[in-house]
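# Coordinates in review
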Amino acid sequence: METKKNSMIEKSIVSPFAEIWEDSISQNKSLYTTVKFEHGQVIANFGPKEILDSPNYLTVQVGDNKHIMLAPEFLQYINHGCDPNVFFDTDNWVLIALRNIEIGEELRFFYPSTEWSMDQGFDCTCQSEKCLQNIQGAAHLPLNILTKYKLSNHIVAKLESVK
Ligand SMILES: [Zn+2]
């Protein structure tokens, strides 16, 4: 029988509404709520700590060739989910709740809602029934799937332009 090391979760409070959970073995970090949010509520304001012209694994795309490193920085630990509960509104610079969110839930956003074509694609393990498996950005997903999601205006514009 294979012995499995138990991973431990280290939690650090990073804001009045969230904490980072870090897995001691994988060192994966995720952001979890410490308060409740209602559908449509603004969770946080964000802005660019830095603006880059190409994406990396931490950036959020806000326009054509415009990718930001997030401020506040802890928002970068919001992982991808195929059944997201938050949305980065890159026009109004607010993170909003896509549904009611309970205390202790992991915050996840749909990467293709802001990312056209990601620097590194990955195989999703979000465990949602709706999991799309491989995530590489909006450019790599069929329109009938994309349109089920709330998308950034710059992604919608890009979809129109490649039609
Ligand atoms: Zn998934």
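Presented here is an overview of the structure given in this document.

Here is what the cut-offs are and how they apply
Throughout, a residue's number is its position along its own chain's written sequence, starting from 1. In keeping with the predicted nature of the model, local features appear solely for residues at pLDDT of at least 70, side-chain atom pairs appear and are counted solely at 80 or more, and the whole-chain, interface and lining totals rest on all residues. By this definition, two strands are paired if DSSP reports at least two bridges between them. Only DSSP runs of H or I with at least four residues qualify as helices, and only runs of E with at least two residues qualify as strands; both kinds are numbered from the N terminus onward. Geometry is summarised by axes, namely lines fitted to C-alpha atoms with helices restricted to the contacting stretch, and by angles between N-to-C directions that run from 0 to 180 degrees. For the exposure call, what matters is how many other C-beta atoms sit within 10 Å of a residue's own: 20 or more marks it buried, 12 or fewer exposed, and in between partly exposed, using C-beta atoms placed from the backbone. Our contact criterion uses C-beta atoms placed from the backbone: two residues qualify when those atoms are within 7 Å. In this usage, the nonpolar core is the set of buried Ala, Val, Leu, Ile, Met, Phe, Trp, Tyr and Cys residues whose C-beta atoms join them within 7 Å.

Within a sheet, adjacent strands bond to each other through the backbone by hydrogen bonds, running parallel or antiparallel. Pairing is antiparallel in the open sheet, where three strands are placed in the order β5-β7-β6. The open sheet has two edge strands with one neighbour each: β5 (47–52) and β6 (60–63). Going across the sheet, the axis of each strand differs from the next one's by a mean of 45°, ignoring polarity. Where β5 and strand β7 (residues 66–71) come together, five bridges link them in antiparallel fashion. The residue of β7 that forms the bridge with P48 is L70.

So, about the sheet that holds strand β1 (residues 9–13). The sheet built from three strands is open, its strands ordered β1-β2-β3 with antiparallel pairing. Each edge of the open sheet carries a strand with a single partner, namely β1 and β3 (29–33). Between one strand axis and the next, the sheet turns by 30° as a mean value, whatever way the strands run. Here β1 runs beside strand β2 (residues 18–23); their pairing, made up of five bridges, is antiparallel. Bridging from a neighbouring strand, I13 pairs with E19 of β2.

This part takes up unusual backbone geometry. Cis geometry marks the peptide bond from A71 to P72; its omega dihedral reads 0°. With respect to the helices, strands and loops of the structure, P72 is situated in the loop between β7 and β8 (79–80). For N65, which is not glycine, the phi torsion reads 55° and is therefore positive. Along the chain, N65 falls in the loop between β6 and β7. One non-glycine residue with positive phi stands out, namely W93, at about 55°. Tracing the backbone through its elements, the reader meets W93 in the loop between β9 (86–89) and β10 (94–97).

Attention now moves to the environment of I135. As for its placement among the helices and strands, I135 is situated in strand β13 (residues 134–135). By the C-beta count within 10 Å, which is 22 here, I135 ends up buried. Spatially, the C-alpha atoms of I135 and N65 are 19 Å apart, while their sequence positions differ by 70 residues. I135 has contacts with H80, Y111, P112, G121, F122 and C124, leaving out every residue within four places of it along the chain.

With that settled, the discussion passes to the nonpolar core. Within the largest apolar cluster, 24 residues are counted, with the highest numbers of intra-cluster contacts made by L75, I78, V86, L95 and F109. Of all the secondary-structure elements, those providing two or more residues to this core are β4 (42–45), β7 and β9. Here this core takes three residues from β9, the largest share from any one element. Look past the residues within four positions of L75 in its chain and what remains in contact with it is A44, F46, L70 and L95.

The next point concerns the pairing of β9. As paired strands, β9 and β10 are joined by four bridges and run antiparallel to one another. Across the sheet, D89 pairs through a bridge with V94, a residue of β10.

None of the figures reported here should be taken as evidence of function without further support.
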